[in-house]
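Below are the chains, spelled out letter by letter.
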Amino acid sequence: MNHIPFSNTSRQYNNLREEILDVTDKVLSSGILMDGEYTQKLESWIAKKNNSNYAITCTSGTVALEIIAKYIIHNKFKYYDSATPTAILPSLTYVATANAFINAGWNIHFADVDKCGIINPETIQQDNNRSQFVVLVGLYGGDVKKAYSKSGFNTIIEDAAQHWLSAKCQRYGFASAISFDPTKNFGNYANGGAIVTNDEDFAEYAKQYRNNGKPKNYHAGSNLRMSETDCAQLMVKSKYIDEWQNRRYEIFAYWLDIFEKNNINTIIDKNTFDRHCFHKFVISHDNRNIVKQRLAEKNIETKIHYDRPLFELDAYKKYPNPGIISTASILSRSVLSLPCYPELTDTEVEYIGKSVIESISG
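Source: prediction; values computed, not measured.

A. Geometry of the side chain of lysine 184. Relative to the assigned elements, lysine 184 resides in the loop between strand E6 (175–179) and strand E7 (193–197). Buried within the structure, lysine 184 lacks any salt-bridge partner; its nearest side chain of opposite charge belongs to aspartate 181, at an N-O separation of 4.4 Å. The contact partners of lysine 184, leaving out residues within four places of it in the chain, are Ala161, Gln162, Ser179, Arg248 and His279.

Structure follows, in structure tokens:
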């Protein structure tokens, strides 16, 4: 079997090449490179897809979180009582989630996660004021509904970068940040992201903030707009996203079935399947590094998301956390992500499944 990379954006591009080049040429020929019709179309499509009133594109999912965080600070007395708000984050997530709030001037507090890597509300100690904000992250594309319903917090912020395309695209809380990173299910050819909300005042703030505060300049902002070319190319992909999601569903269902029959632990299971986004297929094994090496020898590239919880990284050790005897720490030592994208052939899907079984049983 030829090498199977963890991600393969070139396959998708080659399938869409003529359409991508055509729409890119239209944008560049028009001379309207920012804030044009494709930006409006993409924002309308995202809002509708998420069953929300507003979507505001920006340069990344991280930036989307920062804009949400800064809006809350600018409206302190509306949202919180203390000098500085605190973001309660899952311990096992990508560093960008924590960085967004730190850069916006927030305190952060790491909470433990459940067996699927979703924040566990039962491990959160609530204070008596309105300074705490739970940040929900659908790690691997998992569903955050249970965590949302049990959190008990008035204000929820959703880092939906991995899971926003889950069943019915239901958003939770005050605002959500989504990502168009090339590795995501709906990926751009560069960075990109969006904010999704039902709050009209915040939507107007976000539109102005991403454009240096213009036109009203009530607050200082920054230049954080997606280009018209990016938006046009994503609109091409919007025609195929449901087809791609169905293919991911098929791959996940096949692997889940054969792995269950061979007693291989997976982060997703039949109880969490229907509301999953099918972003990453993750197995769990005590000898994860050995399994990873064996798969590499079979020409299969895998990744680890992530090998340490955030509080074990130097930049975040000072923040309150659940400690090394935590579900987050245990998961980080055992998880392994398999290559999974719609362009995998049936032969490759079967080969990956067989190779995982052989690598573990061997």
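B. Focus on the sheet that holds strand E8 (residues 265–266). Read across the open sheet, the 3 strands follow the order E8-E9-E10; overall the sheet is antiparallel. Two strands in the sheet have a free side with no partner beyond their single neighbour: E8 and strand E10 (335–338). Of the pairings in the sheet, the one linking strand E9 (residues 281–284) to E10 comprises 4 bridges and is antiparallel in character. Bridging across to E10, isoleucine 283 finds its partner in leucine 336.

C. Geometry of the packing of aromatic side chains. Under the defined criterion, the tally for this structure stands at 30 aromatic pairs. Where tyrosine 80 meets phenylalanine 133, the ring centres are 6.3 Å apart and the plane angle is 80 degrees; that geometry is what we call edge-to-face. One end of the pair, tyrosine 80, is in the loop between helix H4 (76–79) and strand E2 (86–90); the other, phenylalanine 133, is in strand E4 (residues 132–137), and 53 residues separate them in sequence. An aromatic cluster of three or more residues is present, and its members are Tyr249, Phe252, Trp255, Phe259, Phe273, Phe278 and Phe281.

D. View of the packing of helix H9 (residues 241–261) against helix H12 (residues 346–361). Direction vectors running N to C along H9 and H12 enclose 30 degrees, while the axes themselves pass 10 Å from each other. Judged by the inter-axis angle, H9 sits roughly parallel to H12. The hand of the H9/H12 crossing is right-handed. Within the contact between the two elements, H9 uses Arg247, Ile251, Tyr254, Trp255, Ile258 and Phe259 and H12 uses Asp346, Val349, Glu350, Ile352, Gly353, Val356 and Ile357. A breakdown of the residues in the contact of H9 with H12 according to their chemical character gives 9 nonpolar, 1 polar and 3 charged.

The rules behind the values
Residues numbered from 1 in each chain as written. Predicted model: local features only at pLDDT ≥ 70, side-chain atom pairs only at ≥ 80, totals over all residues. Heavy atoms only, no water. Helix = DSSP H or I, 4+ residues; strand = E, 2+ residues; numbered from the N terminus. Buried < 20%, exposed > 50% of the residue type's maximum accessible area, 1.4 Å probe, protein only. Lys, Arg positive; Asp, Glu negative; His and termini not counted. Salt bridge = Lys/Arg side-chain N within 4 Å of Asp/Glu carboxyl O. Contact = heavy atoms within 4.5 Å. Pairing = 2+ DSSP bridges. Phe/Tyr/Trp six-rings, centres within 6.5 Å; stacked < 30°, edge-to-face > 60°. Axes fitted to C-alpha atoms, helices over the stretch in contact; angles between N-to-C directions. Parallel < 35°, antiparallel > 145°, perpendicular 65-115°, else oblique. Left-handed = near helix turned anticlockwise from the far one by under 90°. Nonpolar A, V, L, I, M, F, W, Y, C, P; charged D, E, K, R; others polar.

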